[in-house]
Structures are given as C-alpha cells and as structure tokens.
Amino acid sequence: METTKKKLRLVKTNNPSFWTKPLIPVLALVGTFMLTSGLILWAKANPFETYYYFLIAPLGSRVSFLEILVKSTPLMLTGVAVTFAFATGYYNIGAEGQLYAGAIAAAGLGMAMHAVPAILAIPIMIISGFIAGVAWALIPALLKIKLAVDEVVTTLLMNSIMAYIVSALLNGPWRDPNSGWPQSQEISPTAMFFKIVPRSRLNLGFIVALVTVLILWIVMTRTSFGLKMRAVGLGKPAAHFAGINVNKTILIAALISGGIAGIAGVAEVAGIQFHLIGELSPGYGYTGVIIATLGSLNAIGVALASLFFGLLDAGAQTVSRALGVPVYLGEVTQATMLLVTLGMLLLQRYKIRRI
Amino acid sequence: MNVVEMNAITKYFGEMVANDHVDFDLRKGEIHALLGENGAGKTTLMRILYGLYKQDSGGVQINGKAVQINSPKDSIANNIGMVTQHFALVPPMTVAENVILGHTNRFVLDYDAAESSVADAARKYGLDINPRAMVRHLSVGQRQRVEILKALYRNSRVLILDEPTAVLIPQEVDVLFETLRKLVDDGLSVVFISHKLDEVTNITNRITILRDGKSIGTVDTCDMSHNQLAALMIRQASFHVNNKIAEIKKSRSLLNIKSLSALDDQGLPALRDINLTVHTGEILGIAGVSGNGQKQLAETLCGVRNCTEGEIKLDGITLNGKTAGEFTTSGMGRIPEDRLEGVVGELTVQENLALEHLYQFSNKGFLNHKAIQKHANELIVQYQIKARPGDRIRTLSGGNVQKVLLARVLSTQPKIVIAPQPTRGLDVGAADYVRQQLLEQRNRGAGVILISEDLDEILALSDRIAVMYEGKIVGVLDASEANPERLGLLMSGAVKEM
C-alpha cells in the first residue's frame, strides 16, 4: 500500500444526519449575522443592537407584531401558490402576474358591488380572484403541456404583459376621476375584508392565507392527487410508468397555483389598499418563490417562512426608525439570509471526509 | 513498430473492476478491433487512452515513448483522436466552424480561410462533406464524417471509433468502411470498438477480445471464424437454476405480437416487423446485445412507447393505442429496465408500492394511509424487502429497490410479466431471488418475457429463446436446441434462423 497524502474532501451522502435539520436555522442566522455585520458597522450602527431591533423588538409590541402578520399574508398566499406548482415540477415564476390578475378582478367587481351585501360580495371577490389567476396561468400551462414550451420563460414574460395591462387600465378607463391619480376608485365597503383586530391592518386576508396553507397541507399529505403531484414532481418517468397522467396533473397544479396567487391580489385590494394601484405588490410573486423554496415545498415550512419574512419586513422598518440605518439594510439581510440558508440546505447533503 | 502500447491497464469504478491488467497494442496502418459484449471494458480502455479516464495502474506508450495522458488535450497533442457514439458537435454551427473549434489560436477568425482549409482537408482525406453546411442539417452518417474530419484536421495519426456503426444505416456503413480503408492506406491506425462479428471480420486486421474486463487475447482476423470468435466473446455459465418444474401442459397462446414496428427517441426505426407469441406458463427469453431494440420492445409492450405499425393482443384484447395505465389493468406487468425510472426516490416505500393502483387506496380522493401501510407491510414480508414502509426509496440498495418493483408488479397477478434486464447490477443473492420469482410466475401460469444480455440467465430460465438484432427477431429457438455459440452467432447478426 502506498501512503498518500490525505486531504479533506466533501463527500456526498444520501442520508444527512438527523441533527442537521434543526441546526440549519441557527447556523443560517449566525452566518448571516457574520456576513452582514460589516455592512452594519459601515452604516455606523452596532450590529448586536441592529439585530435586536431587527428580530426581537418587532415581537415585543402589539402594533408591530400584528404588522408582521399583515406583511406575511400576501407572502403566505404566493408561497402556497408557488409550492403547488413547484411540487409538481412546474416552475411557475408568474405568481406576480397572476396576483395582479386577481387584483384586477377584485377591483373591477369591488367597484361594481355597491348594492351587494358583504356576505355575498366577499366570497364573490375571492372566487373571481381565483378564477382570474387561473385564467392568467392557463396560457403558459397549456403551452407547456401541449408544446413543451419552457414555463419559466413564459410565466415570467406574462408578468411583464400584466404590468402593462395594469398600467393601461390605471392610466385609461380606471383612472380616478376625482384625484386624477393612476389608481382605481375605491371598492364598495361591502366588498372590503373585515378587520380581525380593530384599529389594525390585520384583516380576513390573513385567515384566507392560513386556510390555503391548510388546504396545501391536506392535499399534499392526505389526498391521492397530492401523491400524484409529488410523484410527477420528483420522478416524471416513474410517474408516467405507474400510469399517472403526467400532463393532466401538471395542468391542474399549475392552475391551482395561478388561482391562489390571484387570491393574494384580492387580499391586497380588499384588505389593505381598497383600490387597484400599480405598486400593489413589491414583488410578492417573486418572494413567493423564495418562500416556497425556503419552506422546502412543505405547508408548515411555507407558513413559517412567510411569517419569518414578515418579521424581516417589519424589523427592517423598526431598525431604520430606531437607529437611522437605511431600510435597504433589511433587504440586504433578507437576501443574505436566503443565500446562506440555501447553501446550508445544499451542504447538509455532504459530509467532510479524509480521503 | 507499435504506435500505441498499453500495458497491464487496470481501472476500478468503486468496487467493480472495469479493466483488469489489459494489454493492448496498435500497429501503424492497421485496423484493430476491440471485441466484446457490453460491459466488457472496451470503451473504458479507449477512454483511458484518450484521457477521459485515468487508469489506476498500468502504462501507456506512444511511438515507443512512455507518456502520461491526463486529459484529452494530452492525447490530442499525441495525435490521437476519438469519435464517440454521442457526437460532440454544435448543431447550429457549420461544418467548418465545428472542425476548427478549439483549434484556433488567433483572436481574429478568418472564416474564408477556415472554410478553405477545412475543404482542403476534406478533399485530402477523401471525406465528402460541404464545409459551409450547417451540422443540424446533416444526416447521422455525415455528422460522423465531420467528427472523423475533426480528428484528422488535428493531425490525428491514431483514430479511435467507439461503436461507429451503431447509429448508421447499412449504406452509410459501406461508405465508412471505404473511407477507413483509404485512410489506413495513408498510414492512419484505427481502433474499432464493436460487438458485431461480421463488421469486425470484414474490416479489421487484428482483434483483441475483452471479457469481463480481462483481455482474452489478440488474434489475426484472417485466422478466425465467426464461431470461434463468438465462443471467445461470450462468458461461460456461472450459475444454475434447477427448479424448473415439468413442462406445463395444455399451454395456450396468451400474448400475440404481430408485425410490430416502433421508432426510438431519435425517430429512427428501433423495432422492425416483430412477430412473437407468448404462451401461458412459459418464459420467453429475448437475447441480444443491448441497443438492438430490446429497450424499445419492452417500452412498447407496456404502453409507454407507441408503435407505428402492428398489433399487440393480450388474451384476445387489442392493447395498442391504449394508455400505459390501461396496459397495466389489462394484465401487462412490467418491471422497469432502469430501476430508478420505475420508482420515485424521494417518496417512501409504501407510497411507491401504492403509486400504480392509487384508486384502491383512496376514497373520494383522500388517501387511506392505513391501507397503504398495511399493503406495504404485507409485501415487505412476502418479498423479503429489507426496509420499513416509511423509508425513502433512495436509501435502499439496488436489490431491495428491485424487490419493491417486483412486489408492485407481481402482487397484481399480471397475465404477462415483462422483465427487461431484471438482474443487471444486482448481487448474486438478489439476482437469484429475482430469477426464482420469475420462475414462480411461470409456474403460476403467467407468460414471462425475460429480456437479458446475460446468456446464462436466458439459457437457464427460458422455455423458448428469441434473438434480437437491429430491431428484428433473427431467430426463435427452443431452449433444448440453444447453446451459447449458436445464440452468439445470432446475436452478432452473422446468421439468421427463422
């Protein structure tokens, strides 16, 4: 036997040790802290203090705690929407456009339903938002299963089309005649989502979001359709071989995904803004992709990830108010956190070995 | 003088030895065949010479000088060129662009000069090809010519061809052979990897036979007959299964395949006019070197691939045109050839076991987890699967994955069991278990189609043996009249017995 110099190497393993999973959030936090403290120091703030205001302080006050839930509502909805698609191996990047499709439907109907009582108006808002999202998701889904056109490209481009449609509506027929601003008129009060907690922004939308999480969980773990979705997503040839109609499964999952993203648009219009505006979503559809990935395409994971992002959003504002650092620091931290977590998830599949 | 000399080359892939102290030499101006079954180590040996793999031990000499070949760059510098089965061409580029790719040193590329130099080279080597043609518009035979031209343009004096005729139609083979003879006359040396006896005896000067990673020897082509070569190439029996029960009487025909034709993924004919009958209580072995249509036959028979012509009739019911699911419910059970394509690795054992008949385990769309788990537990005991119902499939060994697949297929009591390469890659114990299960299916009265490259397995298990060659059935023998030599000749396309 020759003696060779031994080196440390990463070896791929199929069975990550059981203790790695709970360790990931902790390590991710530590890693993010180390990576971002330089920037925080540069902004002339104390990193420990910053992280306190960022992650702990928002949980302490009632107002900011409720604000976390408000911020997490659209993220939970788009996260669930994206999970439905991704779990089936359909990479829907179009939740942003589908959200606006739902928002247009909600604003249009909301403005027209002044004579309709809330008990009817609110379900109509939700259902029509779902249908609008489905309709907007239909074109790329059909292109995918009929012509094998890559859905990443088509769903992404549909977002741009939708942005122009919204802009055309708001600068054309729907422009507010009173103020002249590019925003629609206010929707009927009967179509507005009621508040869960008085004198806060927390509304029915949050409950709707929790219901979709529950539906996601039931479908994924309790139904044969959920098993089919996972089989198609994880092993298309094997699913095909087992007699599952792969294209039909993908189509249904893609449409459900679009529909739930549409509901996210309804929740923003009916629960928060009460008009259609161009800046309704600061990229909730794209953040949904991050939430779904971070939540490992699992209902509970998605719920936790969206609450965590809600915390980061609320925390970024607390920090900037308390310490006078830019709000952008929050976004940088969010992005760093995401990269570190994804890196951890990848690395947990490896072991360090001496070879 | 030998242009290439490889001494005692050994190469391991994990535990498996792919080349075991193999010696090989190539003389100037000869065509030297590497002959052997699939997995014998032919391609591995040549990949080592071309620098795609690094040998674990052994040395390489080029023109009498010991050389270190660490990457294809080194072998190209030593004037060695290789044309693999999968061409390395850029389809939207022209022939000239493909040929000069990686061979240009200057910053500014003069297209006219490149085209004319490629045209000159093509003329010089007698390779009829238009340098301005776009590669994606070329036929497979023409693309291969571009690959050869690419190698020669880099001043290759040694050309390695890996199964060059596998992708060609007979007329293209003739053109290729003519080209090779001309090039050899000009002093080129060629290594010709093949398992087709008639081609090897037709074109080569010498033959080195590999079997299970070892060199059996090097012979002059003119000294050998097809029979002798077939006997050298094919492994001798290594196991016996002695529990066949007596011929089942009154067996009736169960599956009728009439003039079945189908295309492969590239749209080329893979099955040509296949006629077969499978009876109850019978194992029909299908022998052949892989890549002769066996995979497509199995896929067509279980409804995953559509046929272009012909008919599949099971118990009087025509199946072709139906979906894969309908094939299964009609009684076609298939063990998938690629185990990992038959199971979803990230799903659990119990989920994989239920996947094929979910309707049995769900009520109004909701899964009955208890029933799924009970089903899994029963099959785990019955088929001796070493796993728990909740284990993910990807954590199981190959043998246990195969048992899961067997359990899933056989628990439905199919009328026909299609078993393509069912023991490939399994250890001895697991392989014996699978064979035993196939025999039990036969004894139960099912018809079993056993597709295998392992002739011993075919001979030990089958009641009748059909041999496939280039998408056709070239012979059907009774097990009693078959022997390795006779099958070997049929498999290499040297003879036909209908």
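1. Some points on the overall build of chain B
No. 1: Across its full length, chain B holds 17 helices and 22 strands.
No. 2: The principal-axis extents of the C-alpha atoms in chain B amount to approximately 70 × 50 × 45 Å.
No. 3: Across the 498 residues in chain B, those meeting the buried criterion constitute 53%.
No. 4: If you take every contact in chain B between residues at least 6 apart in sequence, the share linking residues at least 24 apart comes to 67%.
No. 5: Only carbon and sulfur atoms are counted for the fraction: they give 48% of the accessible area of chain B, which is about 21900 Å².
No. 6: Computed over 55 positive and 59 negative side-chain charges, the inter-centroid distance for chain B is 4 Å.

2. Structural notes on the sheet that holds strand β6 (residues 80–83) of chain B
Residues and elements named next belong to chain B.
No. 1: One open sheet accounts for six strands, arranged β6-β7-β8-β3-β9-β10; its pairing is mixed. Sheet topology places β6 and β10 (214–220) at the edges, where each strand pairs with a single neighbour. Neighbour to neighbour, the strand axes of the sheet diverge by 20° on average, direction disregarded.
No. 2: Bridge analysis of strand β3 (residues 31–35) against strand β8 (residues 189–194) gives five bridges, and the strand direction is parallel. In the strand pairing of β8, Ile31 is matched with Val190.
No. 3: Strands β3, β6, β7 (158–162), β8 and β9 (206–211) of the sheet are contacted by helix α1 (residues 42–50), whose axis makes an angle of about 140° with β6.
No. 4: Across the sheet, helix α6 (residues 170–185) touches β3, β7 and β8, and the angle it forms with β8 is around 150°.

3. Notes on the domain arrangement of chain B
Residues and elements named next belong to chain B.
No. 1: Annotation of chain B at the domain level lists domain 1 (2–233), domain 2 (238–331 + 416–498) and domain 3 (337–413).
No. 2: Of note, the centres of domain 1 and domain 2, computed from C-alpha atoms alone, are 34 Å apart.
No. 3: Every contact between the two is made by ten residues of domain 1 and, on the other side, twelve residues of domain 2.
No. 4: Of the roughly 960 Å² buried between domain 1 and domain 2, counting both surfaces, carbon and sulfur atoms make up 56%.
No. 5: The largest contributions to the domain 1 side of the interface with domain 2 come from Asn38, His195 and Lys196, which together make up 38% of the buried area.

4. Notes on the nonpolar core
No. 1: Among the nonpolar cores identified, the biggest contains 102 residues, and Met125, Trp174, Ile187, Phe193, Leu276 and Leu280 of chain A together with Leu355 of chain B are the most heavily contacted of them.
No. 2: The greatest single-element share of this core, amounting to 15 residues, is contributed by helix α10 (residues 246–273) of chain A.
No. 3: Within the second largest apolar cluster, 36 residues are counted, among which are Val99, Ala122, Val135 and Leu161 of chain B.

5. Observations regarding the sheet that holds strand β2 (residues 16–27) of chain B
All names here are of chain B.
No. 1: Read from one edge of the open sheet, four strands run β2-β1-β4-β5, paired in antiparallel fashion. The open sheet has two edge strands, β2 and β5 (65–67), and neither has a second partner. Taken pair by pair, the neighbouring strands of this sheet meet at an average axis angle of 25°, ignoring direction.
No. 2: Where strand β1 (residues 2–13) lies against β2, eight bridges are found, and the strand directions are antiparallel.

6. Some details on helix α4 (residues 111–124) of chain B
All names here are of chain B.
No. 1: In a regular helix each residue adds 1.5 Å, so 14 residues correspond to 20 Å; α4 covers 20 Å between its end C-alpha atoms and thus fits that length.
No. 2: The set of residues buried in α4 consists of Ala114, Glu115, Val118, Ala119, Ala121 and Ala122. Seen end-on, α4 carries its buried residues on one side only, within an arc spanning 160°. Within α4, the exposed residues directed more than 90 degrees away from the buried face are Asp112, Arg123 and Lys124.

7. Regarding unusual backbone geometry
Note on backbone geometry: most residues besides glycine have negative phi, and most peptide bonds are trans.
Residue and element names in this part refer to chain B.
No. 1: Backbone geometry at Ala8 places phi at a positive 45°, although glycine is not the residue there.
No. 2: Looking at the secondary structure, you find Ala8 in strand β1.
No. 3: Look at Ala8 and you get partly exposed, because its relative accessible area is 29%.
No. 4: Look at Asp273: it is not a glycine, yet its phi comes out positive at around 50°.
No. 5: Inspection of the secondary structure puts Asp273 in strand β12 (residues 269–279).
No. 6: Accessibility expressed as a relative area gives 47% for Asp273, which makes it partly exposed.

8. Structural notes on the interface of chain B and chain A
No. 1: With 25 residues of chain B at the contact, the number on the chain A side is 22 residues.
No. 2: Contact between chain B and chain A buries roughly 2000 Å² in total, counting both sides, with carbon and sulfur atoms accounting for 66%.
No. 3: Viewed at the interface, chain A and chain B are joined by one salt bridge.
No. 4: Arg230 of chain A is the partner of Glu351 of chain B in a salt bridge, and the nearest nitrogen-oxygen pair spans 2.7 Å.

9. So, the packing of helix α5 (residues 118–147) of chain A against helix α6 (residues 151–171) of chain A
Residues and elements named next belong to chain A.
No. 1: Following both chains from N to C, one finds α5 and α6 inclined at 155°, their axes separated by 10 Å at the closest point. Here α5 is positioned roughly antiparallel relative to α6, judged by the angle of their axes. Where α5 crosses over α6, the two elements pack in a sense that is right-handed. Residues Trp136, Ile139, Pro140, Leu143 and Lys144 of α5 touch α6, and the partners they reach there are Glu151, Thr154, Thr155, Met158, Ile161, Met162 and Ile165.
No. 2: Of the residues belonging to the contact of α5 with α6, the class tally is eight nonpolar, two polar and two charged.

10. Let's talk about helix α12 (residues 299–323) of chain A
Residue and element names in this part refer to chain A.
No. 1: With 25 residues, α12 extends 36 Å between its outermost C-alpha atoms, agreeing within 8% with the 36 Å of an ideal straight helix rising 1.5 Å per residue.
No. 2: Its side-chain oxygen at 2.9 Å from the backbone nitrogen of Ile300, Asn298 defines the N-terminal cap of α12.
No. 3: After α12 finishes, the residue Gly324 shows a positive phi value of roughly 70°.

11. Looking at the packing of α12 of chain A against helix α13 (residues 328–347) of chain A
Residue and element names in this part refer to chain A.
No. 1: Where α12 contacts α13, the two axes come as close as 9 Å, and the packing angle between them is 155°. Taken together, the axis directions place α12 and α13 in an arrangement best described as roughly antiparallel. Here the hand of the crossing between α12 and α13 comes out right-handed. Residues Phe308, Phe309, Leu312, Asp313 and Ala316 of α12 form the contact with α13, whose participating residues are Gly330, Gln334 and Met337.
No. 2: Among the residues forming the contact of α12 with α13, the class breakdown is five nonpolar, two polar and one charged.

12. Considerations on a nonpolar patch on the surface
Residues and elements named next belong to chain A.
No. 1: A contiguous nonpolar patch, built from Tyr91, Val152, Val153 and Leu157 and spanning about 340 Å² of accessible area, is present on the exposed surface.
No. 2: Within the secondary structure, Val152 is located in helix α6.
No. 3: Take Val152: its relative accessible area is 31%, and that puts it in the partly exposed class.

13. Some points on the environment of Ala112 of chain A
No. 1: You can see Ala112 of chain A is positioned in helix α4 (residues 95–112).
No. 2: Residue Ala112 of chain A is classed as exposed on the basis of its relative accessible area, which comes to 62%.

14. A short note on the packing of aromatic side chains
No. 1: Using the criterion set out here, one finds seven aromatic pairs over all chains in the structure.
No. 2: On the numbers, 4.8 Å between centres and 70° between planes, the contact of Phe33 of chain A with Tyr51 of chain A is edge-to-face. In this pair, Phe33 of chain A is assigned in helix α1 (residues 20–42) and Tyr51 of chain A in helix α2 (residues 47–60), connecting sequence segments 18 residues apart. The two residues Phe33 of chain A and Tyr51 of chain A agree in class, both being buried.
No. 3: A centroid spacing of 5.9 Å and a plane angle of 65° characterise the contact between Phe177 of chain B and Phe192 of chain B, whose relative ring orientation is edge-to-face. Taken together, the positions of Phe177 of chain B in helix α6 and Phe192 of chain B in strand β8 put the pair 15 residues apart, joining distant regions of the chain.

15. Comments concerning the environment of Arg143 of chain B
All names here are of chain B.
No. 1: Residue position: Arg143 is located in helix α5 (residues 140–153).
No. 2: Since its relative accessible area comes to 23%, Arg143 is described here as partly exposed.
No. 3: Separated by 55 residues in the primary sequence, Arg143 and Ala88 place their C-alpha atoms 9.6 Å from one another.
No. 4: Contacts of Arg143, omitting those with residues within four sequence positions, involve Phe87, Leu89, Val135, Arg136 and Leu138.
No. 5: For Arg143, the side chain forms a polar contact with the main-chain oxygen of Leu138, separated by 3.3 Å.

16. Topic: the pairing of strand β11 (residues 253–263) of chain B
Residue and element names in this part refer to chain B.
No. 1: Relative to β12, β11 runs antiparallel, the two being bridged by seven bridges. Bridge pairing in β12 places Asn256 opposite Thr277.
No. 2: The hairpin turn running from β11 into β12, its antiparallel successor, is five residues long, and Gly267 in that turn takes a positive phi close to 85°.
No. 3: Note: β11 against strand β14 (residues 309–314), five bridges, orientation antiparallel. Each bridged residue has a counterpart across the sheet, and for Ser261 the counterpart in β14 is Glu309.

Parameters at a glance
Residues numbered from 1 in each chain as written. Chains lettered and ligands numbered in written order. Predicted model: local features only at pLDDT ≥ 70, side-chain atom pairs only at ≥ 80, totals over all residues. Heavy atoms only, no water. Helix = DSSP H or I, 4+ residues; strand = E, 2+ residues; numbered from the N terminus. Buried < 20%, exposed > 50% of the residue type's maximum accessible area, 1.4 Å probe, protein only. Contact = heavy atoms within 4.5 Å. Areas by Shrake-Rupley, 256 points an atom, 1.4 Å probe, with all protein chains shown as cover. Lys, Arg positive; Asp, Glu negative; His and termini not counted. Charge placed at Lys NZ, Arg CZ, Asp CG, Glu CD. Pairing = 2+ DSSP bridges. Axes fitted to C-alpha atoms, helices over the stretch in contact; angles between N-to-C directions. Domains from an automatic or database assignment. Buried area = accessible area lost by both parts, 1.4 Å probe. Core = buried A, V, L, I, M, F, W, Y, C linked by side-chain atoms within 4.5 Å. Expected span 1.5 Å × (residues − 1). Arc of directions from axis to C-beta. Salt bridge = Lys/Arg side-chain N within 4 Å of Asp/Glu carboxyl O. Parallel < 35°, antiparallel > 145°, perpendicular 65-115°, else oblique. Left-handed = near helix turned anticlockwise from the far one by under 90°. Nonpolar A, V, L, I, M, F, W, Y, C, P; charged D, E, K, R; others polar. Polar contact = N/O pair within 3.5 Å; in protein donor to acceptor, adjacent residues only side chain to side chain. Patch = residues over 30% accessible without salt bridge, like charges linked within 9 Å, V, L, I, M, F, W, Y side chains within 5 Å. Phe/Tyr/Trp six-rings, centres within 6.5 Å; stacked < 30°, edge-to-face > 60°.

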